[in-house]
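# Breakdown of the fold
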Amino acid sequence: MERKASDLSAIPLITASRTNTALAAALATVPEWGKTLDLRAAVQHKLENLTGTTQPPTPTSADQIDAWLTGAIAATDAQALTDRQHRALQSLSGELTHSLDSIVFVHGDVMLTALHTQLADVMKDVATAADKLEGADNANAAITARVEKYWRALPELRARYDNIRVAQAAINVAIDPTLQQSATSRYLDDPLASDLVLAN
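What this report covers is the structure whose coordinates are included nearby. On a predicted model such as this, the values are computed, not experimentally measured, just so you know.

## A short note on the overall build of the protein chain
Looking only at helices and strands, the protein chain features eight helices and zero strands. Listed by position from the N terminus, the elements making up the protein chain come as α-α-α-α-α-α-α-α. Taking all 200 residues of the protein chain together, the buried fraction comes to 26%. Sequence-distant contacts, at least 24 apart, represent 69% of the contacts inside the protein chain between residues at least 6 apart.

Right under this line is the structure:
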């Protein structure tokens, strides 16, 4: 499978993992991801805190010219240094982003296995809730049977499940942008009819 150097699929993963705990946990199972991500964050912080230099004010008398000239040259040199630092840090940030992309490409199976473990835990909790509900299929029935605690747990379980599926899709796209699309049936108009989901 060929990957272009311009494929920066790690960036959507970085963004999504800030709000998707399932994805963040799966990515964290590969130590290289966390180390590289931290280094990239430090580079980004350095970039954001680079400041330009200010030229000295225009002299108002002849006896200020020499001091102004010294200050102007120093400011120009300082700005040139800042520009070089900015370019170097941008290059390093791009290199680290490519490294993150490669980490997902190489260790994607490990990350997906971690999601599988999360999914198994969720489905175990779902099975427990379903067993405790004893057929109650609405809030009133759950209250009557005094199992409303398990009824109230269902939205949180669904949210955990959805997060895992979103994380799975994000990692699959990072591994191969065509994987998610090619796994969907061409014959059924059903977004859930995906080999990636049905396989689980």
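There is more to say, and it comes next.
## Notes on helix H6 (residues 148–175)
With 28 residues, H6 ought to run about 40 Å at 1.5 Å a step, and its terminal C-alpha atoms sit 42 Å apart, in line with that. Of all the bends in H6, the greatest reaches close to 30° and is centred on Leu-154; the proline Pro-155 follows between one and four positions later. Those residues of H6 not exposed but buried are Leu-157, Ile-164, Arg-165, Ala-167, Gln-168, Ile-171, Asn-172, Ala-174 and Ile-175.

## Focus on unusual backbone geometry
Note: most residues except glycine have negative phi, and most peptide bonds are trans. For Glu-134, which is not a glycine, the phi torsion comes out positive at approximately 50°. The topology assignment puts Glu-134 in the loop between helix H4 (65–133) and helix H5 (139–144). Judged by its relative accessible area of 69%, Glu-134 falls in the exposed class. The phi dihedral of Arg-146 is positive, around 60°, even though this residue is not glycine. Tracing the sequence through the fold places Arg-146 in the loop between H5 and H6.

## Digging into a nonpolar patch on the surface
The grouping of Ile-65, Trp-68, Leu-69 and Ile-73 at the surface amounts to a nonpolar patch, some 340 Å² of accessible area in total. You can call Trp-68 partly exposed: its relative accessible area is 31%.

## Re H4
The first and last C-alpha atoms of H4 sit only 86 Å apart over 69 residues, clearly below the 102 Å expected at 1.5 Å per residue. One or two residues past the end of H4 sits Glu-134, with phi positive at roughly 50°.

## Describing the packing of helix H3 (residues 31–48) against H4
Orientation of H3 relative to H4, taken along the N-to-C sense of each, is 160°, at an axis distance of 9 Å. Relative to H4, the element H3 lies roughly antiparallel. For the pair H3 and H4, the sense of crossing is left-handed. Its residues placed into classes, the contact of H3 with H4 shows 12 nonpolar, eight polar and three charged.

What counts as what
- Residues numbered from 1 in each chain as written.
- Predicted model: local features only at pLDDT ≥ 70, side-chain atom pairs only at ≥ 80, totals over all residues.
- Heavy atoms only, no water.
- Helix = DSSP H or I, 4+ residues; strand = E, 2+ residues; numbered from the N terminus.
- Buried < 20%, exposed > 50% of the residue type's maximum accessible area, 1.4 Å probe, protein only.
- Contact = heavy atoms within 4.5 Å.
- Expected span 1.5 Å × (residues − 1).
- Bend = angle between axes of the 7 residues up to and from the residue.
- Patch = residues over 30% accessible without salt bridge, like charges linked within 9 Å, V, L, I, M, F, W, Y side chains within 5 Å.
- Areas by Shrake-Rupley, 256 points an atom, 1.4 Å probe, with all protein chains shown as cover.
- Salt bridge = Lys/Arg side-chain N within 4 Å of Asp/Glu carboxyl O.
- Axes fitted to C-alpha atoms, helices over the stretch in contact; angles between N-to-C directions.
- Parallel < 35°, antiparallel > 145°, perpendicular 65-115°, else oblique.
- Left-handed = near helix turned anticlockwise from the far one by under 90°.
- Nonpolar A, V, L, I, M, F, W, Y, C, P; charged D, E, K, R; others polar.

By themselves, these are just geometric observations and shouldn't be taken as functional.
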